[in-house]
Amino acid sequence: MRALVIDDSAAMRNIISRSLATIGFDVVQAVHGRDGLDKLKAHGKPEVILVDWNMPEMNGYEFIKAVRAIEEWRDIPLMMVTTETETSQVVRALAAGANEYLMKPFTPEMLGEKLAILGVTMS
Amino acid sequence: MPIRPEDFSYVSKLVREASAIVLEAGKEYLVELRLQPIAQQAGLATLDKLVEKLKQDPTGPLHKRVIDAMTTNETSFFRDLHPFETLRKDVVPELIRKRADTRTLNFWCAAASSGQEPFSTMMMLRENFPELASWRVNYIATDLSRDMLARCREGKYGQFEVSRGLPAQLLVKYFDRRGTEWQIKEDIRKAVDFRELNLMKPWGPMPTMDIVFIRNVLIYFDVPTKRDILLRIHRLLAPDGYLFLGGAETTVNICEEFESQVIGRTTCYRPKQRVKV
Ligand SMILES: C[S@@+](CC[C@H](N)C(=O)[O-])C[C@H]1O[C@@H](n2cnc3c(N)ncnc32)[C@H](O)[C@@H]1O
């Protein structure tokens, strides 16, 4: 199983990657949305994408719209992982094509439960 | 400061008599963790002072607070996920067919804690079974703890609580932001009848139940108490009803009036069908 983790903070990428590794994911990391699109092209479809919102170059919201515009990427389970906690932001992310939304800070347990909701792991 | 053995045994006895929860040796840390804040709030410097006070006034409000604090309330939305999947895919559709004549469904959640379990069920029903809008859906949710029931009735959750097990789609649809918290909408809150109920004591009048959730509470009780509670649930449950327990709980070797049935990825318990002679 492979996951693509996109966050401009190296510390956050590592926290998420470690949690994913313990439940059996190989993790590909990207530092912003554009890098994320490049990694998608280079590595092919992952089982799940986790993407931050606020990043330089291309933010997570634009990244989601770009991913969903491409037919073969439309069904990749995608979760936004962000410090944005306003209901209106959650609504926007879901409307753009995110399947789930996790607010920072979070525990590995919460991440696991969200992945189970996405159906990418067994609960 | 560590709790003295005699104080620990006093607290375990108190908790056991009030809630049936067994605090065996090794749980001293839990007692210290939970009771220190209560001692402080009561202006008592140490736990032995708190126990002394409890002994002086064996029925006072301090007892209720100690018992509340010692009965753990850990819960989350859609806990374990698969019981709710089984409800949605199998159990509720079947009961909707079987109850078409009365158009009534009775649910009981017997350890509601802060309300995530009953509210999860209500959201699942709203999302998947719009036809139930014209039915009588009675949802009784009970707990021993008054603090928990007050939280249930308010229906407010912090960021960590809404991050646990709650699909984002449901967060935006069924909750309103209130400052740093989220409050579940009033029509869902009002649809659940929250009542104080101690599983160890007589329960008072209850309707015949179609679905009973009693999850992650039997685990604290000793076997005779589990058996007594399960027998009383057996009497309350419709012959074709369903019982849901926590992942570490079972009726097997405790109450043989039930049989287990695996449905989807979850184990449900059903009243054994009596063979006619
Ligand atoms: C761990 S929570 C379970 C919550 C929920 N059912 C779940 O599975 O997530 C246990 C709850 O049982 C309640 N409880 C403990 N002893 C009880 C008793 N004797 N009668 C009724 N409720 C009790 C506690 O107050 C607590 O809210």
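Caption draft 1: Just the pattern of salt bridges, in detail. All names here are of chain B. Taken as a whole, this structure holds 34 salt bridges over all chains when the rule is applied. Notably, a salt bridge pairs R4 with D7, separated by 3.0 Å at the nearest N-O pair. On the accessibility criterion, R4 (37% relative accessible area) is partly exposed. Relative accessible area serves as the criterion here: at 1%, D7 is assigned to the buried category. Connected via shared salt-bridge partners are E94, K98, R99, D210 and D240.

Caption draft 2: Structural context of the packing of helix α1 (residues 5-19) of chain B against helix α3 (residues 47-56) of chain B. Residue and element names in this part refer to chain B. Running from N to C, α1 and α3 point in directions that differ by 50°, and their axes come no closer than 10 Å. The angle between α1 and α3 places the two elements in the oblique class. Two packed elements cross with a definite hand, and for α1 against α3 that hand is left-handed. Contacts between α1 and α3 involve D7, Y10, V11 and L14 from the former and L47, D48, V51, L54 and K55 from the latter. Residue classes in the contact of α1 with α3 are distributed as six nonpolar, no polar and three charged.

Caption draft 3: The domain arrangement of chain B, seen in detail. Residue and element names in this part refer to chain B. Splitting chain B by domain gives domain 1 (5-69) and domain 2 (82-271). On a C-alpha basis, the centroid separation for the pair domain 1 and domain 2 is 30 Å. On the side of domain 2, eleven residues touch domain 1, which itself brings ten residues to the contact. Across the domain 1/domain 2 interface, buried area totals approximately 820 Å², and carbon plus sulfur atoms make up 53% of it.

Caption draft 4: Here's a closer look at the interface of chain B and chain A. Each side of the interface is counted separately: chain B has 18 residues, and chain A has 21 residues. Of the roughly 1,700 Å² buried between chain B and chain A, counting both surfaces, carbon and sulfur atoms make up 58%. One can count three salt bridges joining chain B with chain A. R177 of chain B is the salt-bridge partner of E86 of chain A, the closest N and O atoms lying 3.8 Å from each other. For the pair chain B and chain A, the interface holds five residue pairs in polar contact (both at pLDDT 80 or more). Looking at the side of chain B that touches chain A, the elements with two or more residues in it are α8 (159-162) and α9 (168-174) of chain B. Per-element tally for the side of chain B that touches chain A: the top contributor is α9 of chain B, with four residues. For the side of chain B that touches chain A, a count of residues per class yields eight nonpolar, six polar and four charged.

Caption draft 5: Summary view of the environment of D228 of chain B. Residue and element names in this part refer to chain B. Inspection of the secondary structure puts D228 in helix α11 (residues 223-236). Residue D228 is classed as partly exposed on the basis of its relative accessible area of 35%. Between the alpha carbons of D228 and I254 there is a distance of 9.4 Å; along the sequence they are 26 residues apart.

Caption draft 6: Spatial organisation of the sheet that holds strand β4 (residues 175-178) of chain B. Residue and element names in this part refer to chain B. On the basis of which strands lie adjacent, the open sheet formed by three strands has the order β3-β5-β4 and antiparallel pairing. Here the strands that pair on one side only, and so sit at the sheet edges, are β3 (156-157) and β4. Across two bridges, the pairing between β3 and strand β5 (residues 181-184) is antiparallel. In the strand pairing of β5, K156 is matched with Q183.

Caption draft 7: Structural detail: the side chain of E249 of chain B. All names here are of chain B. Structurally, E249 is set in the loop between β8 (237-245) and β9 (258-263). At 6.6 Å, R215 is the nearest oppositely charged side chain to E249, a buried residue that forms no salt bridge. Of the polar contacts made by the side chain of E249, one reaches the backbone nitrogen of I219; its length is 3.0 Å. Of the polar contacts made by the side chain of E249, one reaches the backbone nitrogen of G246; its length is 2.6 Å.

Caption draft 8: Spatial organisation of empty space enclosed by the protein. Applying the stated criterion across every chain, the model contains one cavity of 30 Å³ or more. Size it by volume and the largest cavity reaches roughly 60 Å³. As for the largest cavity, its lining consists of V90, Y101, L102, M103 and K114 of chain A together with V162, S163, L166, A168 and L171 of chain B. Elements represented by at least two residues in the lining of the largest cavity include exactly β5 (100-103) of chain A together with α9 of chain B. Here the lining of the largest cavity takes three residues from β5 of chain A, the largest share from any one element. When the residues that make up the lining of the largest cavity are grouped by side-chain class, the tally is eight nonpolar, one polar and one charged.

Cut-offs applied
- Residues numbered from 1 in each chain as written.
- Chains lettered and ligands numbered in written order.
- Predicted model: local features only at pLDDT ≥ 70, side-chain atom pairs only at ≥ 80, totals over all residues.
- Heavy atoms only, no water.
- Salt bridge = Lys/Arg side-chain N within 4 Å of Asp/Glu carboxyl O.
- Buried < 20%, exposed > 50% of the residue type's maximum accessible area, 1.4 Å probe, protein only.
- Axes fitted to C-alpha atoms, helices over the stretch in contact; angles between N-to-C directions.
- Helix = DSSP H or I, 4+ residues; strand = E, 2+ residues; numbered from the N terminus.
- Parallel < 35°, antiparallel > 145°, perpendicular 65-115°, else oblique.
- Left-handed = near helix turned anticlockwise from the far one by under 90°.
- Contact = heavy atoms within 4.5 Å.
- Nonpolar A, V, L, I, M, F, W, Y, C, P; charged D, E, K, R; others polar.
- Domains from an automatic or database assignment.
- Buried area = accessible area lost by both parts, 1.4 Å probe.
- Polar contact = N/O pair within 3.5 Å; in protein donor to acceptor, adjacent residues only side chain to side chain.
- Pairing = 2+ DSSP bridges.
- Lys, Arg positive; Asp, Glu negative; His and termini not counted.
- 1 Å grid on protein atoms, 1.4 Å probe; cavity = no way out; pocket = protein on both sides within 12 Å on 5 of 7 lines; lining within 4 Å.
- Points joined across faces, edges and corners; volume = space filled by probe spheres on them.

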